[in-house]
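# Architecture and fold: a report
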Amino acid sequence: MVSIAIMGHGVVGSGVAEIFTTHKQKLYASIGEEVYVKKILDLREFPDSPLADRFTKNFEDIINDLEIRVVVEVMGGLNPAYDFVKRCLKAGKSVVTSNKELVAAHGAELLEIAKETNTNFLFEASVGGGIPIIRPMSQCLVANNVDEIAGILNGTTNFILTKMIEDGMQFDDALKLAQELGFAERNPAADIEGHDACRKICILASLAYGKHVYPDSVHTEGITKITLEDVRYAEAFHCVIKLIGSVKRLADGKIDIIVAPMLVPNKSQLANIDYEFNGIMVRGDCTGDVVFYGKGAGKLPTASAVVADVIDCCKHLKTRKFLYWADGNGKNILPWEESSRAMYVRANGSNVAEKAEKIFGEVTVINKTDAPADEKAFVVKAMPYSEFAEKIAQLEADGVSVLSSIRVADL
Ligand SMILES: NC(=O)C1=CN([C@@H]2O[C@H](COP(=O)(O)OP(=O)(O)OC[C@H]3O[C@@H](n4cnc5c(N)ncnc54)[C@H](OP(=O)(O)O)[C@@H]3O)[C@@H](O)[C@H]2O)C=CC1
Ligand SMILES: N[C@@H](CC=O)C(=O)O
C-alpha cells in the first residue's frame, strides 16, 4: 500500500478524492497495490464526505507522517502552496500539482529540489486539464526540436467566446456560467486577462526549450476587448477569434512567445475547438504537427491527469522520472514588439481603405453586408508590431479612428 495526501478539497481536489474512491480497483490493477488517501488538508469541514475521517486543517500532520510518500497540491495560488510543496520535496515526498501559477513561477527551483532529493515533481494537469501534454512532450516527442507550440490553453475564455458567438450570450453571463461549472480560476481575472494561458505557454516553453520562461517576460493580452463586431468580421474573413498562446523557435536560438486573441483561419486544426475544450499544436522537426485535444478544465478531467501523475509517482518511489529544465534569465526571448504577424484592423472615418493602402501598401478589405457606412475592416500583411503601431499612428493622424486591432494567426 502507498499512502498519499491531498492538499485542497475544492473542484480538482474533490475530483481526485472521488476518483481514488470510485476507481479503486482499476487503479489497484494498474500498480498492483492500493493507493490509500491517508490525509486531506482543507480549511473547511466536509462531514458528508465518504473520506470525512481523513481531513485535517494542519499541514504538519502531512509533512510529519513518514508513511505519506506522495502529496497532491491542488489548493492553487502561491501561498502557502510554494512553501508546502518545497517542504514536501525536501522531506523526500514526491509532489503532484495542477497549480500552473506555482509551476510557472517556481518550476525550475522545484525541479532542482526534486533532483537533489531524488523525488518526483509532476504537473501534467497544470496545462490542458485532462489532456496529456507534459508527458507526451517530455517523453514521446523527445527526439524532436520543437519549432512551434500554439494552443487554446484556457477553457474559461474559450467557453466565454463560444457562448458569445454561438448563443449570443453576454460576456458577464458566460463568465458566471464558467465559474459555476468550476472552470474559472478563483480570481477569474487570471483567465480573462490571459495570465492563466500565459502561465501554461511558459510551462510548455520551459519544457520544450530547457530554460525557465517566467510569465512577466511574456507579452500577454486577454479577451476583454473582443466585441461581437470583430467576431462577425472575422467570420466574413473565414476565421474565428481565439485566445492563443504561442511560442516559436527562431533561427538565432531565441524564442518568440506571446499570449493574445488571434484570428484563426477556419481551416486550422485549432479553429473548431469550442467551449471548455483546449487544443495544443506542437510542431516537431521530425514529426511535423501533432495536435492534442480535450477538456482543458473541470473537476474530473483535471483530476484524471492528477491521478495519473500520482500513479506514476507510486510506480517510481525509488527512481526519479527525468523531467527537468534549468533556470532562465529571459535573454532568449525576442522583444514582443519585434514579433511579426499579419494584423486585422477595424476603423471608421472617410476613405479608410484608401488611406490604409497609402500607409500599409496592399490591404485586404473585409466585406460584411450590415457594416456601418463609415466603418471598414481590413487585414495588413505581416510586419513587426512596432512598425504596425507606427503605421496605425499615421492612419489616426490622417483622421481615421481605429476601433480595434487583432493579430492574425499563421496556423
Ligand atoms: N478548476 C479547474 O478546472 C482547474 C484547476 N486547475 C488548478 O488547480 C488548482 C485548484 O483549482 P480548483 O480546485 O479549481 O480550486 P478551488 O478553489 O475549487 O479549490 C482549492 C481548495 O483548496 C483549499 N485551500 C486553499 N488554501 C488552503 C490552505 N492554505 N490550506 C488548506 N486548504 C486550502 C480551498 O479551501 P477554501 O475554499 O476554504 O479556501 C479549496 O477547497 C489551481 O491551481 C487551479 O489553477 C488546473 C486545471 C483545471
Ligand atoms: N481556469 C483554467 C482552469 C484550467 O486550467 C481554465 O479555464 O483553463
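Remember, predicted model here, so these are calculated numbers, not experimental data.

With that out of the way, let us pick up the overall build of the protein chain. Within the protein chain one finds 14 helices and 16 strands. For 411 residues, the compact-globule estimate of 2.2 N^0.38 gives 22 Å, and the C-alpha radius of gyration of the protein chain, at 23 Å, lies within 12% of that figure. Each of the three principal axes of the protein chain carries a C-alpha extent, and together these read 75 × 45 × 35 Å. Of all 411 residues assigned to the protein chain, the portion counted as buried reaches 55%. Here the analysis covers contacts within the protein chain between residues at least 6 apart in sequence; of these, 74% occur between residues at least 24 apart.

The next point concerns the site of ligand 2. Around ligand 2, the neighbouring residues are Lys100, Asn154, Gly155, Thr156, Phe183, Ala184, Glu185, Asp191, Asp196, Lys200, Gly296 and Ala297. For ligand 2, whose unbound accessible area comes to 250 Å², protein coverage reaches 93%. Elements represented by at least two residues in the shell around ligand 2 include exactly α7 (155–167) and α10 (195–209). Looking at side-chain class alone, the shell around ligand 2 contains 3 nonpolar, 4 polar and 5 charged residues.

Lining the immediate environment of ligand 1, one finds 23 residues, of which Asp42, Ser98, Lys100, Glu185 and Gly298 sit closest. Interatomic distance of 3.0 Å between a backbone N/O atom of valine 11 and an oxygen atom of ligand 1. For ligand 1, an oxygen atom lies 2.9 Å from a polar atom in the side chain of arginine 186. Relative to its unbound accessible area of 890 Å², ligand 1 is 85% covered by the protein chains. Grouping the amino acids of the shell around ligand 1 by side-chain chemistry returns 9 nonpolar, 9 polar and 5 charged. Shared between two domains, the shell around ligand 1 holds at least three residues of each, these being domain 1 (2–127 + 299–315) and domain 2 (134–295).

Turning to the pattern of salt bridges, a few remarks are in order. Going through the model one piece at a time under the given rule, you end up with 31 salt bridges. Between aspartate 53 and arginine 54 there is a salt bridge, with its nearest N and O atoms 3.5 Å apart. Residue aspartate 53 is classed as exposed on the basis of its relative accessible area, which comes to 63%. Of the charged contacts in the structure, one is a salt bridge between glutamate 235 and arginine 232, with a shortest N-O distance of 2.8 Å. Note that glutamate 235 and arginine 232 are positioned in helix α11 (residues 228–236) at a spacing of 3 residues, about one turn of the helix.

Counting residues in each nonpolar core, the largest one holds 108 residues, and the members touching the most others are Phe20, Phe121 and Val310. Looking at this core element by element, the count peaks at 9 residues for α10. Setting aside residues up to four positions removed in sequence, valine 310 forms contacts with Ile4, Phe20, Val35, Val70, Val72 and Val96. Ranked by size, the runner-up nonpolar core spans 15 residues in total, among them Val352, Phe378, Ile392 and Val400.

Bringing the domain arrangement of the protein chain into the picture now. When cut into domains, the protein chain gives domain 1 (2–127 + 299–315), domain 2 (134–295) and domain 3 (340–408). Computed from C-alpha atoms alone, the centre-to-centre distance between domain 2 and domain 3 is 25 Å. Contacts between the two partners involve 18 residues from domain 2, matched on the other side by 15 residues from domain 3. Taken over both partners, the interface formed by domain 2 and domain 3 buries close to 1,500 Å², and the fraction arising from carbon and sulfur atoms is 62%. Of all residues in domain 2, Tyr233, Phe237 and Leu263 bury the most surface against domain 3, accounting for 46% of the area lost on that side.

This brings us to the pairing of strand β9 (residues 239–249). Taken across its 11 residues, β9 has 10 buried, putting it largely inside the fold. Where strand β7 (residues 146–152) meets β9, 4 bridges bridge the pair, whose relative direction is antiparallel. Each bridged residue has a counterpart across the sheet, and for glycine 151 the counterpart in β9 is glycine 245. Linking β9 to strand β10 (residues 255–265), which pair antiparallel, is a turn of 5 residues; within it glycine 253 sits at a positive phi near 90°.

Tracing the chain through its elements places aspartate 309 in helix α12 (residues 299–315). Given the relative accessible area of 2%, aspartate 309 is considered buried. A distance of 3.3 Å separates a polar side-chain atom of aspartate 309 from the backbone nitrogen of phenylalanine 123. Ignoring any residue separated from it by four or fewer positions in sequence, one finds aspartate 309 in contact with Val96, Leu122, Phe123, Glu124, Ala125 and Arg135.

Summed over the entire model, instances satisfying the criterion amount to 12 aromatic pairs. Positioned above the aromatic ring of tyrosine 233 is the side chain of lysine 368, whose terminal nitrogen or guanidinium carbon lies 4.8 Å from the ring centre.

The next subject is the packing of α7 against helix α8 (residues 171–180). Close contact between α7 and α8 brings their axes to 9 Å; oriented N to C, the two are set at 135°. Relative to α8, α7 is oriented oblique. Judged by the twist between their axes, the crossing of α7 over α8 is right-handed. Contacts from Thr156, Phe159, Ile160, Lys163 and Met164 in α7 reach Phe171, Ala174, Leu175, Leu177 and Ala178 in α8. Taken together, the residues that form the contact of α7 with α8 break down as 8 nonpolar, 1 polar and 1 charged.

Conventions adopted
Residues numbered from 1 in each chain as written. Chains lettered and ligands numbered in written order. Predicted model: local features only at pLDDT ≥ 70, side-chain atom pairs only at ≥ 80, totals over all residues. Heavy atoms only, no water. Helix = DSSP H or I, 4+ residues; strand = E, 2+ residues; numbered from the N terminus. Rg over C-alpha atoms; globule rule 2.2 N^0.38 Å. Buried < 20%, exposed > 50% of the residue type's maximum accessible area, 1.4 Å probe, protein only. Contact = heavy atoms within 4.5 Å. Near = heavy atom within 4 Å. Areas by Shrake-Rupley, 256 points an atom, 1.4 Å probe, with all protein chains shown as cover. Nonpolar A, V, L, I, M, F, W, Y, C, P; charged D, E, K, R; others polar. Polar contact = N/O pair within 3.5 Å; in protein donor to acceptor, adjacent residues only side chain to side chain. Domains from an automatic or database assignment. Salt bridge = Lys/Arg side-chain N within 4 Å of Asp/Glu carboxyl O. Core = buried A, V, L, I, M, F, W, Y, C linked by side-chain atoms within 4.5 Å. Buried area = accessible area lost by both parts, 1.4 Å probe. Pairing = 2+ DSSP bridges. Phe/Tyr/Trp six-rings, centres within 6.5 Å; stacked < 30°, edge-to-face > 60°. Lys NZ or Arg CZ within 6 Å of the ring centre and 35° of its normal. Axes fitted to C-alpha atoms, helices over the stretch in contact; angles between N-to-C directions. Parallel < 35°, antiparallel > 145°, perpendicular 65-115°, else oblique. Left-handed = near helix turned anticlockwise from the far one by under 90°.

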